[in-house]
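Listed here are the chains, written in short residue letters.
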Amino acid sequence: GNGNKANKITVTAQDNCSPSVIPQITKVEVFNKGGNLVGGNGIFEISGNIVYVKPNGAGWSVRITAIAADEKGNPQNIRITKALIMC
């Protein structure tokens, strides 16, 4: 691969009472194969409710924490963990 492709993860939320709930991403954590947190510039980028993670080593994963509030303002925490795909 060319290394420029990012893993695109869209965070969505649904609620019985609210047709559209836009989650606010509060935290993105990238972990290597050993489960250690990886820092550094350019590893991930947040654009609205989408996270782009630059592919890295085999077995890496990303954990995204977000808050989604319905139209009554009731906040709900969302946590997504996803394996990263190497390109």
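Refer to the structure printed above.
My aim in this report is to walk through the structure given alongside it, one point at a time.

What counts and how
Residues numbered from 1 in each chain as written. Predicted model: local features only at pLDDT ≥ 70, side-chain atom pairs only at ≥ 80, totals over all residues. Heavy atoms only, no water. Helix = DSSP H or I, 4+ residues; strand = E, 2+ residues; numbered from the N terminus. Buried < 20%, exposed > 50% of the residue type's maximum accessible area, 1.4 Å probe, protein only. Contact = heavy atoms within 4.5 Å. Areas by Shrake-Rupley, 256 points an atom, 1.4 Å probe, with all protein chains shown as cover. Pairing = 2+ DSSP bridges. Axes fitted to C-alpha atoms, helices over the stretch in contact; angles between N-to-C directions. Polar contact = N/O pair within 3.5 Å; in protein donor to acceptor, adjacent residues only side chain to side chain. Core = buried A, V, L, I, M, F, W, Y, C linked by side-chain atoms within 4.5 Å.

A few points about the overall build of the protein chain
For step 1, the next point in the chain: Of the regular secondary structure elements, the protein chain holds zero helices and seven strands.
For step 2, the next point in the chain: Going residue by residue from the N terminus, the α and β elements of the protein chain occur as β-β-β-β-β-β-β.
For step 3, the next point in the chain: Out of the 87 residues in the protein chain, the part that is buried amounts to 32%.
For step 4, the next point in the chain: Long-range contacts, defined here as pairs at least 24 residues apart, represent 59% of the contacts in the protein chain between residues at least 6 apart.
For step 5, the next point in the chain: In the structure as shown, the protein chain presents an accessible area of about 5700 Å², 46% of it carried by carbon and sulfur atoms.

Details of the environment of D15
For step 1, the next point in the chain: You can see D15 is positioned in the loop between β1 (7-10) and β2 (24-31).
For step 2, the next point in the chain: Taking the C-alpha atoms as reference points, D15 and E71, separated by 56 residues in sequence, lie 9.5 Å from one another.
For step 3, the next point in the chain: The residues contacting D15, other than those within four sequence positions of it, are V21 and D70.

Digging into the sheet that holds strand β5 (residues 50-53)
For step 1, the next point in the chain: The strand order across the open sheet formed by three strands is β1-β5-β4, and the pairing between neighbours is antiparallel. Pairing within the sheet leaves two strands with one partner each, and these edge strands are β1 and β4 (44-47). Averaged over all adjacent pairs, the angle separating strand axes in this sheet is 20°, with direction ignored.

Focus on the side chain of N49
For step 1, the next point in the chain: Assignment of secondary structure puts N49 in the loop between β4 and β5.
For step 2, the next point in the chain: A distance of 2.8 Å separates the side chain of N49 from the backbone oxygen of V11, its partner in a polar contact.
For step 3, the next point in the chain: Excluding its chain neighbours within four sequence positions, the residues that come into contact with N49 are I9, T10, V11, T12, P23 and I25.

Section: the nonpolar core
Most often, soluble globular proteins have nonpolar side chains that are buried together.
For step 1, the next point in the chain: Grouped together as the largest cluster of nonpolar side chains are 17 residues, with contacts concentrated most on I25, V30, V51, V53, V62, I64 and L84.
For step 2, the next point in the chain: When residues of this core are traced back to their parent elements, those giving at least two are β2, β5 and β6 (61-69).
For step 3, the next point in the chain: Take this core: its biggest share by element is four residues, from β6.
For step 4, the next point in the chain: Filtering out sequence-adjacent residues up to four positions away, V53 remains in contact with A6, N7, I9, V30, I43, F44, V62 and L84.

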